[in-house]
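# Observations on chain architecture
One-letter residues, chain by chain:
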Amino acid sequence: MNRSVPALSVVLLLTSWPLAASEDRCSALRAIDFPGVHISSIEWAPAGPFVPDPPLPALSLPVPAHCAVSGVISPNPDSRIRFEIWLPADGWNGKYQGVGNGGFAGKLNRAEMAVAVQRGFATATTDTGHDLVGTEVWAKNQPEKTRDFGDRAIHLTTVTAKSIVERYYGRAPVRSYFASCSNGGRQALMEAQRNAEDFDGIIAGAPAYDWVAAIAAGFAWNAQALFGRPDTAITAAMTPAVATEVKAQCDLSDGISDGVIADPARCEVRASKSRCRYGKEATESCLSAQQWGALEAIYRGPRDSQGRVIYPGFSPGGEIGSFPGLGWEGWIFGSADKGTNQLFFLRGFMRGFVTGDPNWDFPQFDFDRDYPAVRDRWGPALNATDPDLTRFFARGGKLILWHGWSDAALPPLGTIRYFDAVRKRMGPRAQESVRLFMAPGVQHCVGGPGPYMFNPGPATPDGRPESDMGKALEHWVEQGVAPEKIEAWRPRDLMSALSGDPKAEVDRTGLLCAFPATARWDGKGDPKSATSYRCVTGD
């Protein structure tokens with residue numbers, strides 16, 4: 001029997017108060033006195049448009065009236081964890097939605113809060129204990145701040161937020177969810193592994209879960225392969241040439257020439273198969289032998305001097321970003337002087353967290369010496385690699401992992417590696433509690449030539465589990481029905497889709513299948529329609 005439905009009905013009755021009463025309850029929160037928590041402001045926010053802070057696009061999202069609570073959590077003298085909580089005044093769905101942070105954090109993620117509160121959730125965000133963006137000097141010799149960034153800030157914000165939710169509405173949330181991507185995906189897995197009691201359902205997208213292997217070893221490997229010698233660099237302007245090679249060698253591996261590689265793991269891009277004459281001098285349309293060597297190293301991934309794999313390499317496909325910087329032209333290719341996104345994160349981590357040396361650079365990274373040392377020192381605070389989810393599964397927790405096959409920021413094969421580790425560690429219980437969806441042609445968290453709109457965030461009130469990942473998670477937690485496939489779509493215009501424009505034109509639809517199944521075309525239907533595909537396992 002499903003006991004959550006009547007409980008939720010009671011919550012909706014209790015939370016449909018007049019706005020004036022809601023505003024009074026907001027003011028009453030000033031009396032809150034939690035140990036280690038300082039409330040800095042409590043404000044009543046009337047309904048109106050919300051515009052995210054730069055560098056996010058200037059999208060206007062309608063946000064309902066809500067009570068906004070801001071404060072600082074200090075579990076010790078060296079910690080200063082800022083947080084903000086939004087409590088919808090009317091129509092609360094009885095649930096709490098946690099949101100994560102990208103990159104090195106340092107900012108409150110109000111954009112994702114706006115989406116959550118718009119959909120009826122009480123929600124909260126944190127800066128993870130620092131407010132410096134673009135430099136990681138805050139981490140130098142700061143083990144407590146590093147721990148806050150690693151997992152403590154999200155956990156303490158969640159505990160504080162749920163207590164304030166209960167004080168405001170007069171009852172605790174009936175369900176709690178968390179969804180985020182990239183570093184936020186790492187935060188999601190930290191919650192499942194270390195703070196299993198915080199959430200009932202979690203979505204971890206493109207997770208930077210093995211932080212040290214991906215950010216330090218992986219990014220250093222790519223930088224040394226490309227920029228270690230003058231003749232190996234592949235410039236951003238050459239990205240179309242690489243994309244053309246990949247399309248020629250791999251696009252038909254799934255039986256369809258549509259610019260999307262359904263399963264990049266089944267195709268090897270090699271210089272010996274190049275349409276160009278191998279060994280010629282580099283041009284903007286053809287790679288030289290030296291550049292081919294760098295590209296193949298990126299596909300192989302970082303290894304030590306004995307050839308042992310440290311972390312998976314990158315997968316071919318989706319090299320050109322849906323907007324500038326999202327593809328290989330922003331993350332991987334470029335120059336050491338002007339930098340790349342990967343170099344930004346590598347230098348930030350190694351200079352700020354590890355060495356404290358503002359002049360440290362990628363040629364100094366030694367994979368035999370530095371990777372084990374950095375992993376052993378920083379892994380316990382930052383890596384979300386533990387496959388033992390016993391506590392999370394035991395309390396009925398459900399986990400959805402997802403990753404875009406065309407991600408140029410974090411290798412998709414890394415997420416498969418973690419999923420396999422969980423299945424091995426947890427045995428039959430994994431089938432009951434975790435799913436992985438690989439998204440063909442999807443870049444880092446959003447964008448790409450493949451269908452990338454499937455709502456891996458807070459469930460929409462009128463969403464369908466078949467096409468809304470957030471709703472699929474909610475359906476799994478509350479109704480016990482595990483998702484096996486999700487329909488996705490790709491808009492003709494990315495910005496119109498992100499703004500929630502109901503008239504956004506659909507370019508194509510596709511099918512995401514629970515791994516290891518993949519979507520197979522039926523050979524006759526429209527290859528741009530999800531109805532022409534079915535999920536199959538094996539050849």
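Structure shown above.
Anyway, here's the lowdown on the structure attached to this text. (Residues numbered from 1 in each chain as written. Predicted model: local features only at pLDDT ≥ 70, side-chain atom pairs only at ≥ 80, totals over all residues. Heavy atoms only, no water.)

### Side note on the pairing of strand β5 (residues 81-88)
For β5, the buried fraction is high: 7 of the 8 residues fall into the buried class. In this structure, strand β4 (residues 66-73) lies alongside β5, joined through 8 bridges in antiparallel fashion. From the neighbouring strand, A68 faces β5, where its bridge partner is W86. Pairing geometry for β5 and strand β7 (residues 122-126), over 4 bridges, is antiparallel. Directly across from E84, in β7, lies its bridge partner T125. (Buried < 20%, exposed > 50% of the residue type's maximum accessible area, 1.4 Å probe, protein only. Helix = DSSP H or I, 4+ residues; strand = E, 2+ residues; numbered from the N terminus. Pairing = 2+ DSSP bridges.)

### Considerations on the layout of surface pockets
Put simply, the second largest pocket is a space of about 510 Å³. Taken together, 25 residues make up the lining of the second largest pocket; nearest its centre are D254, A262, D263, T518 and A519. Of all elements in the fold, only β13 (506-513) and β14 (518-521) reach the threshold of two or more residues within the lining of the second largest pocket. Of all the elements, β13 adds the most residues to the lining of the second largest pocket, at 6 residues. Taken together, the residues of the lining of the second largest pocket sort by class into 15 nonpolar, 4 polar and 6 charged. (1 Å grid on protein atoms, 1.4 Å probe; cavity = no way out; pocket = protein on both sides within 12 Å on 5 of 7 lines; lining within 4 Å. Points joined across faces, edges and corners; volume = space filled by probe spheres on them. Nonpolar A, V, L, I, M, F, W, Y, C, P; charged D, E, K, R; others polar.)

### What about the state of the cysteines?
Within the structure shown, the criterion is met by 5 disulfides. C26 shares a disulfide with C67; S-S distance 2.1 Å. With the S-S dihedral at roughly 75 degrees, the linkage between C26 and C67 falls on the right-handed side. With a gap of 41 residues between them, C26 in helix α2 (residues 19-28) and C67 in strand β4 connect regions that are remote in the sequence. Its relative accessible area of 0% is what places C67 among the buried residues. For C513, the disulfide goes to C535, at an S-S distance of 2.1 Å. Where C513 bonds to C535 through sulfur, the torsion about that S-S bond is close to -85 degrees, and the disulfide is left-handed. (Disulfide = S-S within 2.5 Å.)

### Looking at helix α11 (residues 370-382)
Its maximal kink placed at D376, α11 deviates by approximately 40 degrees, while the proline P380 follows within four residues. Burial in α11 covers these residues: D370, Y371, V374, W378, G379, A381 and L382. Contacts from the buried residues of α11 go to α4 (143-169), α5 (183-194), α6 (211-227) and α10 (341-355). (Bend = angle between axes of the 7 residues up to and from the residue. Contact = heavy atoms within 4.5 Å.)

### Let's talk about the packing of α6 against α11
Remark: α6 packs on α11, axes separated minimally by 9 Å, with the N-to-C direction vectors making an angle of 140 degrees. Considered as vectors, α6 and α11 are oriented oblique to each other. In this structure, α6 meets α11 at a crossing whose hand is right-handed. Every residue of α11 that contacts α6 at W211, V212, A213 and A217 is listed here: Y371, V374, R375, W378, G379 and L382. Here the contact of α6 with α11 is composed, by residue class, of 8 nonpolar, 1 polar and 1 charged. (Axes fitted to C-alpha atoms, helices over the stretch in contact; angles between N-to-C directions. Parallel < 35°, antiparallel > 145°, perpendicular 65-115°, else oblique. Left-handed = near helix turned anticlockwise from the far one by under 90°.)

### Focus on the pattern of salt bridges
On inspection of all chains with the given rule, the structure shows 27 salt bridges. Of the charged contacts in the structure, one is a salt bridge between R110 and E84, with a shortest N-O distance of 2.9 Å. Here R110 is found in helix α3 (residues 110-118), whereas its partner E84 is found in strand β5, with 26 residues between them in sequence. Assessed through its relative accessible area of 25%, R110 is described here as partly exposed. Of the charged contacts, one joins K95 and E478 as a salt bridge, the two residues approaching to 2.9 Å between their closest N and O atoms. (Salt bridge = Lys/Arg side-chain N within 4 Å of Asp/Glu carboxyl O.)

### Here's the deal with the sheet that holds β4
Read from one edge of the open sheet, 9 strands run β1-β4-β5-β7-β6-β8-β9-β10-β11, paired in mixed fashion. Only two strands of the sheet have a single partner each, and these edge strands are β1 (37-45) and β11 (434-439). Strand after strand, the sheet turns through a mean of 15 degrees between neighbouring axes, direction not considered. Taken together, the 5 bridges between strand β6 (residues 95-99) and strand β8 (residues 175-181) define a ladder with parallel strand orientation. Counted as the bridge partner of Q97 is Y177 from β8. α3 rests against β4, β5, β6, β7 and β8 of the sheet, and its axis sits at about 20 degrees to β5.

Any functional reading would require information beyond the geometric quantities listed.
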